Protein chains: 4
Amino acid sequence: MTSNFDPGPQIAQIGAISLGTPDLEKSLTFFRDLLGMEVVERTGGVVYLRGYMELVHHSLILFENPTPVVDSYSLRVQRREDVERFHSKLLQQEIEVLELPSGRETGRGEAIRFIWPGAGHPIELFYDITKPAAPAELRSKLPSNSSKRRGLGVRRIDHFNVQCEPQQVRPAEQWLRETLGFKRREFIRIPESDTLLASWMSVTPQVHDIALVANPNEKPGQLHHVAFNLENFSDLLTAADILKDHDVQFDVGPGKHGIGQALYLYVRDPGSGHRIELYAGGYLIFDPDWEAIEWTPASVRDGLTFYGDSLAEWDAENDPMAPTTDAAPLHSELRSAPVPL
Amino acid sequence: MTSNFDPGPQIAQIGAISLGTPDLEKSLTFFRDLLGMEVVERTGGVVYLRGYMELVHHSLILFENPTPVVDSYSLRVQRREDVERFHSKLLQQEIEVLELPSGRETGRGEAIRFIWPGAGHPIELFYDITKPAAPAELRSKLPSNSSKRRGLGVRRIDHFNVQCEPQQVRPAEQWLRETLGFKRREFIRIPESDTLLASWMSVTPQVHDIALVANPNEKPGQLHHVAFNLENFSDLLTAADILKDHDVQFDVGPGKHGIGQALYLYVRDPGSGHRIELYAGGYLIFDPDWEAIEWTPASVRDGLTFYGDSLAEWDAENDPMAPTTDAAPLHSELRSAPVPL
Amino acid sequence: MTSNFDPGPQIAQIGAISLGTPDLEKSLTFFRDLLGMEVVERTGGVVYLRGYMELVHHSLILFENPTPVVDSYSLRVQRREDVERFHSKLLQQEIEVLELPSGRETGRGEAIRFIWPGAGHPIELFYDITKPAAPAELRSKLPSNSSKRRGLGVRRIDHFNVQCEPQQVRPAEQWLRETLGFKRREFIRIPESDTLLASWMSVTPQVHDIALVANPNEKPGQLHHVAFNLENFSDLLTAADILKDHDVQFDVGPGKHGIGQALYLYVRDPGSGHRIELYAGGYLIFDPDWEAIEWTPASVRDGLTFYGDSLAEWDAENDPMAPTTDAAPLHSELRSAPVPL
Amino acid sequence: MTSNFDPGPQIAQIGAISLGTPDLEKSLTFFRDLLGMEVVERTGGVVYLRGYMELVHHSLILFENPTPVVDSYSLRVQRREDVERFHSKLLQQEIEVLELPSGRETGRGEAIRFIWPGAGHPIELFYDITKPAAPAELRSKLPSNSSKRRGLGVRRIDHFNVQCEPQQVRPAEQWLRETLGFKRREFIRIPESDTLLASWMSVTPQVHDIALVANPNEKPGQLHHVAFNLENFSDLLTAADILKDHDVQFDVGPGKHGIGQALYLYVRDPGSGHRIELYAGGYLIFDPDWEAIEWTPASVRDGLTFYGDSLAEWDAENDPMAPTTDAAPLHSELRSAPVPL
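Residues numbered from 1 in each chain as written. Chains lettered and ligands numbered in written order. Predicted model: local features only at pLDDT ≥ 70, side-chain atom pairs only at ≥ 80, totals over all residues. Heavy atoms only, no water.

## Describing the overall build of chain A
Tallying secondary structure elements over chain A gives five helices and 18 strands in all. Classification of the 341 residues of chain A by burial places 65% in the buried group. Carbon and sulfur atoms make up 47% of the accessible area of chain A, which amounts to about 11500 Å² in all. (Helix = DSSP H or I, 4+ residues; strand = E, 2+ residues; numbered from the N terminus. Buried < 20%, exposed > 50% of the residue type's maximum accessible area, 1.4 Å probe, protein only. Areas by Shrake-Rupley, 256 points an atom, 1.4 Å probe, with all protein chains shown as cover.)

## Comments concerning the side chain of C:Ser272
Here C:Ser272 is to be found in the loop between strand E15 (262–268) and strand E16 (275–281). Only 2.6 Å separates the side chain of C:Ser272 from the side chain of C:Asp269, close enough to count as a polar contact. (Polar contact = N/O pair within 3.5 Å; in protein donor to acceptor, adjacent residues only side chain to side chain.)

## A look at the packing of helix H2 (residues 82–92) of chain C against helix H3 (residues 169–180) of chain C
To characterise two packed helices, one gives the angle between the axes of the helices and the distance between these axes. Residues and elements named next belong to chain C. The contact between H2 and H3 brings their axes to 11 Å, and the two run at 130°. Accordingly, the angle class assigned to the pair H2 and H3 is oblique. Where H2 abuts H3, its residues Phe-86, Lys-89 and Leu-90 lie against Trp-175, Glu-178, Thr-179 and Leu-180. (Axes fitted to C-alpha atoms, helices over the stretch in contact; angles between N-to-C directions. Parallel < 35°, antiparallel > 145°, perpendicular 65-115°, else oblique. Contact = heavy atoms within 4.5 Å.)

## Points about the interface of chain B and chain A
Listed as interface residues are 51 residues of chain B and, on the opposing side, 51 residues of chain A. Summed over both sides, the interface of chain B with chain A buries roughly 4500 Å², with 59% coming from carbon and sulfur. The interface formed by chain B and chain A holds six salt bridges in total. The shortest N-O distance in the salt bridge between A:Asp287 and B:Lys131 comes to 3.1 Å. The element contributing the most residues to the side of chain B that touches chain A is helix H2 (residues 82–92) of chain B, with three residues. In the side of chain B that touches chain A, the residues fall into 21 nonpolar, 15 polar and 15 charged. (Buried area = accessible area lost by both parts, 1.4 Å probe. Salt bridge = Lys/Arg side-chain N within 4 Å of Asp/Glu carboxyl O. Nonpolar A, V, L, I, M, F, W, Y, C, P; charged D, E, K, R; others polar.)

## Describing the relation of the copies chain B and chain A
One copy of the chain maps onto the other through a rotation about an axis plus a displacement along that axis. Rotating chain B by 180° about the axis while translating it 0.0 Å along that axis superimposes it on chain A, leaving an RMSD of 0.0 Å. Look at the turn and shift together and you get a two-fold axis relating the two. Using C-alpha coordinates, one finds that chain B approaches the rotation axis most closely at B:Asp6, a distance of 2.4 Å. When the interface residues of chain B are mapped onto chain A, 100% of them again fall at the interface, so both copies present the same face. (Least-squares fit on C-alpha atoms with pLDDT ≥ 70 in both.)

## Points about the interface of chain C and chain A
Taken together, the contact pairs 16 residues of chain C with 16 residues of chain A. Between chain C and chain A, roughly 1300 Å² of surface is buried when both sides are summed, and carbon and sulfur atoms account for 66% of that area. Sorting the residues of chain C by area buried against chain A places C:Leu237, C:Phe306 and C:Tyr307 first, and these three jointly supply 43% of that buried surface. As a salt-bridge pair, C:Lys256 and A:Asp241 come within 2.7 Å of each other at their nearest N and O atoms. At the junction of chain C and chain A, the tally comes to two residue pairs in polar contact (both at pLDDT 80 or more). Mapped onto the side of chain C that touches chain A, the elements with two or more residues apiece are helix H4 (233–245), strand E14 (250–256) and strand E18 (307–308) of chain C. Top element by residues in the side of chain C that touches chain A is H4(C). It accounts for six residues. Its residues assigned to classes, the side of chain C that touches chain A comprises eight nonpolar, two polar and six charged.

## Let's talk about the sheet that holds strand E7 (residues 111–115) of chain B
Residues and elements named next belong to chain B. An order of E2-E3-E4-E1-E5-E8-E7-E6 is seen for the eight strands of this open sheet, with the pairing classed as mixed. Where the open sheet ends on each side, the last strands, each with one partner, are strand E2 (38–43) and strand E6 (98–100). Averaged over neighbouring strand pairs, the angle between their axes works out to 25° when direction is ignored. In the sheet, strand E1 (residues 11–21) pairs with strand E4 (residues 60–64) via five bridges, with the strands oriented parallel. What sits directly across from Ser-18, in E4, is Ile-61. (Pairing = 2+ DSSP bridges.)

## A closer look at helix H1 (residues 24–34) of chain C
For H1(C), the set of buried residues is C:Leu24, C:Ser27, C:Leu28, C:Phe30, C:Phe31 and C:Leu34. Positive backbone phi, approximately 90°, marks C:Gly36, located one or two places after H1(C).

## Points about the relation of the copies chain C and chain A
Expressed as a screw transformation, the operator carrying chain C onto chain A has a rotation angle of 180° and an axial translation of 0.0 Å, and the superposed copies differ by an RMSD of 0.0 Å. A high fraction, 100%, of the interface residues of chain C reappear at the interface in chain A, so the copies pair face to face through one surface.

Set out below in structure tokens:
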């Protein structure tokens, strides 16, 4: 009982998403000028951004690309040696791993890249990342903020919501829990067939750092949305007001999820068509013995939308929340090409 | 590098505070009817309460007592065996430990009790706690809530802020970090004398689960306040409005801390005089390499209050935030007496 | 130019709505316990309520009735003599007028009652109304509040939204403006046929005290909804959360109107089925030369819902916002029967 | 009783304030870039601004001036002919009146100017003002907004708070009520000496369009502050956060007034030192028989500040709310000089 216990390598937090955009300037207008994110660095067609509460170099990379691909989802590990420890673990499973040198993303140290088995998404693991000070005119009086709050007040990246083929949800979700240590927090299951439709998982007390959802079009590896965090419900309403007035495309929202209990608004980056969720509030899970909350297709309506503009049915035609098949296909190759080294 | 690594026993979250009150009915009016907490169980003069987002049996115990003592601060460990592992660790340090049987607090399993070295506060560690369903009329449609939101919307306990003699802050804080695994997040230091005045520490991504602050009256083991969490800044303003109209004593607030970036309001439980903080918002720390933020007496004004009703000077006379010497002395004995077994 | 100018009798504000309910206790649970209104007086099956910011005796009357009728919409005139001046004006138009003695509604002085020509709604005009102090335990420290804020924080009645047969909208709206002095603030018109579909009118700087809307079912004199005012957008979200959890039926919302710019939530009183709007924010019109804002069926989508849960199409089947034909028919007789004298 | 009744000329709303500033660019950074007001027109050293919900040409004029004077407080009358009717009324009282030609302020029609008897403030009355469309890139989808919400979301001017010598408060307040038709809504009186210390007055349902307050320095004609309106309490907290981070000087706030029940924040325009209040919420008075609420020095503490950062005592030294004697003296001459014709 008091014997040694090695938890193995651990994931600490989600790191960044790297998004290809056909219209970089338009995407910058959206993320920097409207959402209020800081452009930390720009190297040719690659731009590194962060929210005002993020001290790390970036949580969002935008790069010029003919199509709106996702180049990577990165996760930050708990200790520097965990990169290598995960590397070994992956090799034991005969998963192909690409070693990325320090600086592959500006500000970031050595990383490894692999494809999430079953789900088909390119994941990168890293530990080291610089924490550059913002330019003096942007800097905040508060040392826990990297810059002054601006625009719609995006504080930080919040979570990834990705899709895979329906029959892969169960094994891919299991893999993420067993190999990367994510915990299942809430999930949707069809009781009759014991089919897992969606799972909200986290390594932090957030209800989800990553959600994995069955793709109704039976496609592998598609981004559903990436979420950025706002502080208060009222911030999200203000964002809705201003984004609407700027003709940004709304998919669904504002509304409140029963699952996670956050306020949501799904819009599209006008430069790329990637779906972006603005996300505020919600509950935190500190209980070490949390039992994942089960929803069924019959009960999940309140889970998807407790109140407000309702998330469409899973199989509806003209579903505003359909996977953005053409708009945001995944760059699901091991080799991440577009971002210049 | 890939060698085995045992993190040892771990604290998962703060559990509950046990408060003696000379006027139990008045305290219940405050916590249940105004703040909106659920009375889960009542056994004679002992009442167990929780917020609407807490599934566990209780986070607050009120018990009749001639004086407003604190009987215990409980912490929940990460795994069941961690109670015993911590027990061993404490014995190795020759710290006296009291074993508390299951049911010592209704709903709670076996626990151990000891006095925080240096600080003088009675801490209890436990793992097991029941998660009773609320009565049907209070139950929420959302399974992540134990009951419907009511009153001023207290969701859960947030943190403890306790005091000790100034010269004990450094060793007591070090002990909490080294033995219980708390991480220092923000702190106040006098650079000239290298004196640690206050430290905000957590085992969760919250900026603090426990804060330890130098007591200007040079007393050991006093409660400064216990905080309960509200969801939005707007909830805190509504709380201020309603509590003011109910003649609840305000100490300081509303205002926004620079340290932690939450909105605060400090009031007194009318039944006991214990200082209660209502607390909303703030930032979360996911960075595994967080560097604790240092404040000095010269810089800390923005840290204490970024805007709003200002926290008084540390040494001011008539300080509304003075330690509540007479109102909330600690029951700093190893044997917790008042609560009947 | 400096010659005498008599504005004639004037309406100062809307007064109260009198609603029949088949289940008075259930309606009281809704308006008093959930919404937080004060029961000022109860006489048998008639209950008088007000919001916490209303000093007058009542803005809502609930009375037991087998069906959910509306007995009257009352308007308060600017000066005591305006009751008689309006009486004369109505008689000049050969409109039948019923004189109601003082006390016909408890707390209210003499009034007159007539049917709004074209629209078919029973309107009552009065000036005198008592301003009783609340019981000591409810009384607020602020003399501009009649009681402490409670429940979901309904402050006051806001506006009436009533319907009439489509071809009557234009003449009935014109009558209200010309005879009672309401000003048109925003409106929907079909340009091709010059058909007036809806008009938002006020005597105060509110965008509307009364809205008149074409009834798609071609019926006269139906209530669409009565609105009660909350202070902040955040109050409306909290209300949505709590009403949802209490199984109150939602029609539409929360969302933000473009017309009037307020946040809205339409729910049903569980006791009567009457549609109630909770309403927060919006703009005020102080401009003496305000030009009414015109919307067309093609442009009005943003006017009905700028963001959030969208108001259904005007002619949709299963329209959650359809006139509540069976649930809330108007008691459109000159003689108001149900309320006992 | 039904005899003719001529209400005489009427004031409809406050129009604009004209502020001299020694550092026009700094003032523009504050009002345009931080507060989010639109620069409608600029002619040399004179800049015309409005909030995003104001359709009229301007509510704020900034003009270069060596000292931070107030050139005028303008009020808009109810009908075009009311300018001339007020002119006659003033001449009957032997008050000197200056006729200002159309275009004296860009966009404004003919106006008259006079000094408020007793109080010493220059008031201008006008009716005509243009309602120019904003440039396409700023224009809102909502026709009730002149531009998109930007910056901290200043919607419109709210009220003037001006001072005069203590012994002049009573006659000057009485003059404003009797000659211009303002109504007293709340007031502070010393009962022992029947001294009027302050009065909140309005022609609209707002609790005040103008407040008149005794100047503790016994000076005539000083501006205390001009207030701009935000929609929600949450907007004011966000404003506090951002203005603090931009080193804008805070006088007092955020806090909630008992008088008027609005949330307040008093800051200084960094370019001029004029005190600006950001103001959100509050109650509206529709009652035609409103009885002004009386406060005394003994009771007014809750009236000044119901909760939050407290307004200082009236006679305190180092009062952050002291009249800005040096910073904002009034240009109290009948001839308004600085603004070029």
